[in-house]
Amino acid sequence: MTDAAELERRTAQLLADHPPATTARQDFLTARFDAGLAWVHYPQGLGGLGAPRSLQAVVDARLEAAGAPDNDPRRIGIGLGMAAPTILKYGTDEQKQRFLRPLWTGEEVWCQLFSEPGAGSDLAALGTRAVRQDGGDWVVNGQKVWTSSAHAARWAILIARTDPDVPKHAGITYFLCDMSDPGVEVRPLRQITGEAEFNEVFLTDVRIPDARRLGEVGDGWRVAQTTLNNERVAIGGMRLPREGGMIGPVARTWRERPELRTHDLHQRLLKLWVEAEVARLTGERLRQQLAQGQPGPEGAGMKLAFARLNQEISGLEVELRREEGLLYDDWTMRRPELVDFTGRDAGYRYLRSKGNSIEGGTSEVLLNIVAERVLGLPSEPRTDKDVAWKDLAR
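Conventions and cut-offs
- Residues numbered from 1 in each chain as written.
- Predicted model: local features only at pLDDT ≥ 70, side-chain atom pairs only at ≥ 80, totals over all residues.
- Heavy atoms only, no water.
- Helix = DSSP H or I, 4+ residues; strand = E, 2+ residues; numbered from the N terminus.
- Expected span 1.5 Å × (residues − 1).
- Bend = angle between axes of the 7 residues up to and from the residue.
- Buried < 20%, exposed > 50% of the residue type's maximum accessible area, 1.4 Å probe, protein only.
- Contact = heavy atoms within 4.5 Å.
- Core = buried A, V, L, I, M, F, W, Y, C linked by side-chain atoms within 4.5 Å.
- Phe/Tyr/Trp six-rings, centres within 6.5 Å; stacked < 30°, edge-to-face > 60°.
- 1 Å grid on protein atoms, 1.4 Å probe; cavity = no way out; pocket = protein on both sides within 12 Å on 5 of 7 lines; lining within 4 Å.
- Points joined across faces, edges and corners; volume = space filled by probe spheres on them.
- Nonpolar A, V, L, I, M, F, W, Y, C, P; charged D, E, K, R; others polar.
- Pairing = 2+ DSSP bridges.

### Quick word on helix 5 (residues 93-105)
Since the α-helix turns once every 3.6 residues, residues separated by three or four places project in the same direction.
Reasoning step 1: Taking 1.5 Å of rise per residue, the 13 residues of helix 5 would be expected to cover 18 Å, and the 19 Å separating its terminal C-alpha atoms lies within 8% of that figure.
Reasoning step 2: At phenylalanine 99, helix 5 shows its strongest bend, of approximately 30°, with the proline proline 102 following within four residues.
Reasoning step 3: Within helix 5, burial applies to Gln95, Lys96, Phe99, Leu100, Pro102, Leu103, Trp104 and Thr105.
Reasoning step 4: Considering only its buried residues, helix 5 is in contact with helix 2 (25-34), helix 4 (77-90), strand 1 (110-113), strand 4 (155-161), strand 5 (172-178) and strand 8 (213-214).
Reasoning step 5: After helix 5 finishes, the residue glycine 106 shows a positive phi value of roughly 85°.

Shown next as C-alpha cells:
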C-alpha cells in the first residue's frame, strides 16, 4: 500500500520533473493527474494510486508549499464533487478513461441536470423523457432548472424518465450529456443578487448515445443517490480554517469596528461563532469518515447546518454594519462561473445565502432524510410509491 513517505517521494519527483515556475499550468495539472496525485484514493491510471484518502493532505500541503497551481476547485466543483465519484462508481472503463482526467484538470466543466420546474423538491417525479431509438441512441426532451454553471459547462450529469409505466423511482436512467449537442439551449435565470449564476436548460430532441448512459437502464435513482450524497458533503463539509467561510468577515468587522458593537450583537456573534466552529469540526469528522468509504445520509445534516448558519450569520452582519449593510456593490447582470461569498460585500452575502436552503436539496427535504435515514424515525406516509408515474396527479 502507498504510504505517506511514498507520496512524499512521488510529489518531490513531480516537482523536479515539472517545476511550477517554468511549467505551463495545464501541463502541470496533467502531469499531476498522470502521476496519481490528483485523487490519491482513486485507482492507478485514473488520477490516483489506491492510497488511503486521508493521505491526500500530504500531497496538497507539499504542492501548495512549492507554489504549484491548483485546478481551481471552486470553478469545477460540480465535476469534482458530484460527477467524478459517480463516474468512478458506475462508469465503464471507457467512460472513466474519457472523462476523469479533463474533469480534474478543469479542461471540461460540468453541470447537473436534475431539478425540474414541474417536480419541485420531489426529484423522483421528474418528467424529462428519454426514449430509446432503434439505433440504440436515446432522444431526450424536457426542461431542467436551477442549473449552476450550465453556461460554462461542456458536460452534464442528467437523469431522465425512461419508463413511465412503473413507479417514479424505478423508471429513471442516468446519462452523461454533451452540452454542445444540438437541441441543448441554456437560458440565464436572474437571481435576487442581480446575477444569473443559475440557468434553465431546455432539451429538444437531444440525441445521447447509449455509450453515455451511466449505470443500468431504470437504475438512475440509485446512481443519483451517489451524486446527491457527494453533493451534500461537497457543499456542507468543505474544508475551512478557523473563522473560514461566512463567520470570518463578521468577526473581522467586530474586531476592527468597536463603535458598531452592542451587547445584544455580542451575544449573538458569540453563539454563531461557536456554532460555526462546531460545524467546521463536524465537517472534518465527516471527511474522516468519508475516507473509509462512500458518503451516506449524514451529509444532509451538514448541508442543513451550512444553510442555516450562512443565513443567520449574514443577517447578523447586515445588522452589525447598520446603514452600510444595506448597500450593494453591483446590480449588473452577469453570468459568473463561481460563487464568491467572502470576496463580495455584506449585502451580497445576505442575498445569496437565501439560496443555500434551496440548492443541493431543500432544507425541508434534508430534514426528512436526517429523520428517516440517520435517526431511524418512521417514514412519512407516501401514497405514490407504488403508483406508475404516468398515473400520478400532476
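### So, the environment of leucine 126
Reasoning step 1: Relative to the elements of secondary structure, leucine 126 occurs in the loop between strand 1 and strand 2 (129-132).
Reasoning step 2: Between the C-alpha atom of leucine 126 and that of isoleucine 172, which follows or precedes it by 46 residues, the distance is 8.6 Å.
Reasoning step 3: Leave out the neighbours within four places in its chain, and leucine 126 touches Glu116, Ala119, Lys144, Ile159, Ala160, Arg161, Ile172 and Trp389.

### Looking at the nonpolar core
Reasoning step 1: Membership of the largest hydrophobic core comes to 52 residues, with the highest contact counts inside it found for Trp39, Trp110, Tyr174 and Met179.
Reasoning step 2: Here this core gets eight residues from one element, more than from any other, and that element is helix 4.
Reasoning step 3: Sequence-distant contacts of methionine 179, that is, excluding residues within four places in its chain, are made with Cys111, Leu113, Ala150, Ala153, Arg154, Trp155, Ala156, Val184, Val186 and Val201.

### As for the packing of aromatic side chains
Reasoning step 1: By the definition in use, this model includes 10 aromatic pairs.
Reasoning step 2: Their ring planes at 85° and their centres at 5.9 Å tell us that phenylalanine 114 and tyrosine 174 sit as a pair that is edge-to-face. In this pair, phenylalanine 114 is assigned in the loop between strand 1 and strand 2 and tyrosine 174 in strand 5, connecting sequence segments 60 residues apart.
Reasoning step 3: The exposure class of tyrosine 174 is buried, given its relative accessible area of 0%.
Reasoning step 4: Look at tyrosine 328 and tryptophan 331: their rings are 4.1 Å apart centre to centre, the planes differ by 35°, and that puts the pair in the tilted class.
Reasoning step 5: By relative accessible area, which is 47% here, tryptophan 331 ends up partly exposed.

### Considering the layout of surface pockets
Reasoning step 1: Taken as a whole, the second largest pocket holds about 170 Å³ of empty space.
Reasoning step 2: For the lining of the second largest pocket, the residue count by class is six nonpolar, two polar and five charged.

### Considering the pairing of strand 7 (residues 198-208)
As a general feature of sheets, a regular strand has side chains that alternate between the two faces.
Reasoning step 1: Taken across its 11 residues, strand 7 has eight buried, putting it largely inside the fold.
Reasoning step 2: Where strand 3 (residues 138-144) and strand 7 come together, six bridges link them in antiparallel fashion. Counted as the bridge partner of lysine 144 is valine 201 from strand 7.
Reasoning step 3: Note: strand 6 (residues 184-189) against strand 7, six bridges, orientation antiparallel. Bridging from a neighbouring strand, glutamate 185 pairs with phenylalanine 202 of strand 7.

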